[in-house]
Amino acid sequence: MGAAVPVLMLGKAVMAPFFGFGVLCAGIGLLRLPDRSNLVPGLTTPLARAVYVLIGCLVLSALLSDHRTKSIAMPVRVALTLGAGYLCFHLFVRSRLALMLACKTLVAMAFAALFIVVLGEYFSAVSDVLRRMVGLPTPFDAPRAYKMFASATICLLPIVLWSGWRLGSVWKPLSLVAIPLTGLVVYGDGAEISQSAISGLLGGSILLLLVMIGLRLAPWSRRLLITVVVLLALSVGAYVLTHVPSPPVVENQTPGLPLPDWHRQVIWGFALDVFLHNPLFGVGPNTVNMVPGASDMVPGLNQEYIPAHPHNFVLEIASETGIVGLLALVATLVLLLKMMFQIAARGKLLPDGSRSAAYTGIFLVGAFWTSSLSNFSIWSAWWLASFVLLISFPLAAALPRKQ
C-alpha cells in the first residue's frame, strides 16, 4: 500500500498489483479477526450514507444513458475503489504496525521515485546510459513521460511529509528532501510544467489556511466565513461558465477567458452545453465524449470538441450525471471535510497527533479536487484510487481504535 502511489512513475498499470494485493490481504486479515463488529458502524455514518446516495445517483444516471453498457461500469468502479479504501482505513486503524510500515514504505519509495524522475528530466545523458544498461529504449523524453506522475506528486507530498514527521529519526529529513524534488518534478525542466499540480498546491494551501482560521473563530464568525467563501467560489464559477464559448465555435474566435488555453475553453463550453440540455441526470458516467458533436473537429485547432473527457471534474460530473450527481458528490465532500474539521478541533485538546493528521487530510482534499478542476478524468481508476488510498493514512491515524 505504501508503494502503490510512488510506483505511478512507472505507469498507471503498475499501481494495480500493489494496491490490489494490499487490499486483498487487508480484506482477508480483517475477515479472519474474531471481532469484526467495528467494521459495521463505519458503514452507517452520515458520510457512508452520502456515499451510498452518490453511487445510487451514478447508477440511475447510467441506467438512463444511451450508452448503458459503458456507463454502468463507472459506479461499479467507484464503489469498489471506495470499498477498497475502507478496508485500507480499517487495517490502519486496527494495526498501528501496518500503518507504520506503510508510512515507511511510502517515504522511501516516494524519495526513490522522485529521485529517478529528476534524474531523467535534468540529467538525460546519465539517464539514457542507465536505460541502455538495463535494455530500455533511448532517447527518453522524460518530461512528457512523467507529466502524469507530476500531477500525482502534489497529492503524494503532504502524506510523505506527515509520515516522515510522524516517524521521526531518519524518516523526517528523508521526507523533507521530497519538497525540492517534488518542485523539480512539477517544473519538468521547463518543458512540461504541471499547471494542475501547481493549482493543487494552491488549492490545498488555501483550504488548509481557511480551516486553521475557522478553528480560531467563534461559531457565528465561522459560519460567516463559510458563507463568504462559498459565495466567492460560486461567483468565480459563474464567471467562468458564462465566458466559455458555446458550440459550435468559429475559427479565430476570441477567447472569453485569459486562462486556460483555447482548446480547454472549447471543451468546457461543450460540456456545459451538454449539461444544459441534460440537467437532471446527465448523459451517463464516462459518456460525454460519445454525444453527437463531441468528435467533431474544432475549427482552426484540428482537435475534437471532447477528445476524451472535459478536463474538469465539476463539468464532467454535471454533464454526465446531472445536477443530482453533482449535488451528491458535493454533499459527500462537505461531510468528509466536516469530519476532518471536527477531528482537528478535538485534536487541540489531545496530544495524540490527530490534529496534524486532520490537517494533512484537509490539504489532500484541497489539492486533489482543485487539481481535478483542470486535470484527469475523475473516473480514471488510478487517479481516484490514489486519493482514496492516500487519505486513509491520516484519517486512520486521526481516529482512535474504539471510534
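Now for a look at the structure at hand. (Residues numbered from 1 in each chain as written. Predicted model: local features only at pLDDT ≥ 70, side-chain atom pairs only at ≥ 80, totals over all residues. Heavy atoms only, no water.)

### What to know about helix α6 (residues 124-133)
Now for step 1: If you check which residues of α6 are buried, you get S127, D128 and R131. Angularly, the buried residues of α6 cover 100° about the axis, an arc narrow enough to put them on a single face. Across from the buried face of α6, at angles greater than 90 degrees, the exposed residues are A125 and M133.
Now for step 2: Tucked inside the fold, the buried residues of α6 contact α5 (96-122). (Buried < 20%, exposed > 50% of the residue type's maximum accessible area, 1.4 Å probe, protein only. Helix = DSSP H or I, 4+ residues; strand = E, 2+ residues; numbered from the N terminus. Arc of directions from axis to C-beta. Contact = heavy atoms within 4.5 Å.)

### Observations regarding unusual backbone geometry
Now for step 1: Cis geometry marks the peptide bond from P247 to P248, where omega comes out at -5°.
Now for step 2: By the secondary structure assignment, P248 is in the loop between α11 (219-241) and α12 (262-277).
Now for step 3: Even without being glycine, H311 reaches a positive phi, approximately 60°.
Now for step 4: Its location among the elements puts H311 in the loop between α12 and α13 (313-347).

### Regarding the packing of helix α1 (residues 12-32) against helix α4 (residues 73-94)
Now for step 1: Contact pair α1 / α4: the axes reach a minimum separation of 9 Å and the direction vectors enclose 60°. With respect to each other, α1 and α4 are oriented oblique. α4 is crossed by α1, and the crossing has left-handed handedness. Between α1 and α4, the contacting residues are F19, V23, A26, G27 and L30 on the first element and A84, L87, C88, H90, L91 and R94 on the second. (Axes fitted to C-alpha atoms, helices over the stretch in contact; angles between N-to-C directions. Parallel < 35°, antiparallel > 145°, perpendicular 65-115°, else oblique. Left-handed = near helix turned anticlockwise from the far one by under 90°.)

### With respect to the nonpolar core
Now for step 1: Core analysis: the largest hydrophobic core is formed by 113 residues, its most contacted members being F19, F92, W369, F387 and F393.
Now for step 2: Sort the elements by how many residues they give to this core and helix α15 (residues 381-398) lands first, with 14 residues.
Now for step 3: Aside from chain neighbours lying at most four places away, what touches F92 is M1, A98, L99, A102, S392, F393 and A396. (Core = buried A, V, L, I, M, F, W, Y, C linked by side-chain atoms within 4.5 Å.)

### Quick look at the side chain of S196
Now for step 1: Looking at the element boundaries, S196 is found in helix α10 (residues 195-215).
Now for step 2: Relative accessible area serves as the criterion here: at 9%, S196 is assigned to the buried category.
Now for step 3: Within the structure, the side chain of S196 is placed 3.2 Å from the side chain of N375, a separation counted as a polar contact.
Now for step 4: The residues contacting S196, other than those within four sequence positions of it, are S151, S371, S374 and N375. (Polar contact = N/O pair within 3.5 Å; in protein donor to acceptor, adjacent residues only side chain to side chain.)

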